[in-house]
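Report on the structure
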Amino acid sequence: MFAFDDSPQRARRTPAVVTELADGEVFVFGSNASGHHGAGAARAAFENFGAEWGVGVGPTGRSYAIDTMSGFDTMIEQIVDFLDYARAHPDTTFLVTPIGTGIAGHKVEDVAPLFQGAPANVVLPQVFVDAFDAQ
């Protein structure tokens, strides 16, 4: 059993569709290791938020790519790396999409707990918060 920090500063949720970013915001999306951003949130990151074609991991433009297609263990490592990065950049707000739950095919209830303990500058999608509440 785990609890999600639902204090007022954490009440914000990533919109279902992100069309623009405010100053200091970064779009966090699921990618593949080769950085072929052809569909879903990855395509949106490429077209709208500066994700670079061929870069499948880490920060590019106003985006942050997490490899969700190379297996669950790799995704876990990538999320740990991302959360470390977010802690190191407390003045940046990271809008996390429901990574890993689309094309990658992972279940929300398996991915959401990986964000337990996320710093306050990490904004999560409502489906992840709902998964926390269901535990």
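Residues numbered from 1 in each chain as written. Predicted model: local features only at pLDDT ≥ 70, side-chain atom pairs only at ≥ 80, totals over all residues. Heavy atoms only, no water.

**A closer look at the pattern of salt bridges**
Scanning all chains against the criterion turns up three salt bridges. A salt bridge links Arg 12 to Glu 25, with the nearest nitrogen and oxygen atoms 2.5 Å apart. Pair noted here: Arg 12 is in the segment before strand S1 (13-14) and Glu 25 is in strand S2 (residues 25-31), with a separation of 13 residues, a long-range link. With a relative accessible area of 40%, Arg 12 lands in the partly exposed category. Of the residues examined, Glu 25 reaches a relative accessible area of 8% and is grouped as buried. For the salt bridge of Arg 87 with Asp 84, the shortest nitrogen-to-oxygen distance reads 3.4 Å. Within this pair, Arg 87 and its partner Asp 84 are both found in helix H2 (residues 72-88), separated by three residues, close to a single helical turn. (Salt bridge = Lys/Arg side-chain N within 4 Å of Asp/Glu carboxyl O. Helix = DSSP H or I, 4+ residues; strand = E, 2+ residues; numbered from the N terminus. Buried < 20%, exposed > 50% of the residue type's maximum accessible area, 1.4 Å probe, protein only.)

**Quick notes on the side chain of Ser 63**
Summarising the element assignment, Ser 63 is placed in strand S4 (residues 63-67). Among the residues examined, Ser 63 registers a relative accessible area of 1% and is labelled buried. Here Phe 49 takes part through its backbone oxygen, which lies 3.0 Å from a polar atom of the side chain of Ser 63. With near-sequence residues (within four places) excluded, Ser 63 lies in contact with Val 26, Phe 27, Phe 29, Ala 45, Phe 49, Gly 50, Ala 51 and Gly 58. (Polar contact = N/O pair within 3.5 Å; in protein donor to acceptor, adjacent residues only side chain to side chain. Contact = heavy atoms within 4.5 Å.)

**Overview of the nonpolar core**
Core analysis: the biggest nonpolar cluster contains 22 residues, and Phe 82, Val 96, Phe 115, Val 122 and Leu 124 have the highest contact counts within it. For this core, the secondary structure elements donating two or more residues are S2, S4, H2, strand S5 (93-96), strand S6 (122-125) and helix H4 (126-134). Not counting the four nearest positions on each side in its chain, Phe 82 is found in contact with Val 28, Tyr 64, Ile 66, Phe 94, Val 96, Phe 115 and Val 122. Val 18, Ala 51, Ala 65 and Leu 95 belong to the second-largest nonpolar core, a separate cluster that totals twelve residues. (Core = buried A, V, L, I, M, F, W, Y, C linked by side-chain atoms within 4.5 Å.)

**Here's the deal with the side chain of Arg 13**
With respect to the helices and strands, the residue Arg 13 is situated in strand S1. Among the polar contacts listed, one links the side chain of Arg 13 to the side chain of Gln 126, at a separation of 3.4 Å.

**Points about the packing of aromatic side chains**
Across all of its chains, the model carries eight aromatic pairs by this definition. Centroid distance Phe 27 to Phe 49: 4.9 Å. Interplanar angle 35°. Geometry classified as tilted. Highlighted residues: Phe 27 in strand S2 and Phe 49 in the loop between helix H1 (40-48) and strand S3 (58-60), separated in sequence by 22 residues. A residue is classified by how much of its surface remains accessible, and Phe 49, at 6% relative accessible area, is buried. Each residue in the set Tyr 64, Phe 82, Tyr 85 and Phe 94 is aromatic and connected to the rest through ring pairs, giving one cluster. (Phe/Tyr/Trp six-rings, centres within 6.5 Å; stacked < 30°, edge-to-face > 60°.)

**Considerations on H2**
Given a rise of 1.5 Å per residue, 17 residues ought to cover 24 Å, and the 24 Å separating the end C-alpha atoms of H2 matches this to within 8%. Among the residues of H2, Met 75, Gln 78, Ile 79, Phe 82, Leu 83 and Ala 86 are the ones counted as buried. The buried side chains of H2 occupy one side of the element, clustering within an arc of 140° when seen end-on. Away from the buried face of H2 by more than 90 degrees, exposed residues Asp 73, Glu 77 and Ala 88 are located. For H2, the elements touching its buried residues are S2, S4, S5, helix H3 (108-111) and S6. (Expected span 1.5 Å × (residues − 1). Arc of directions from axis to C-beta.)

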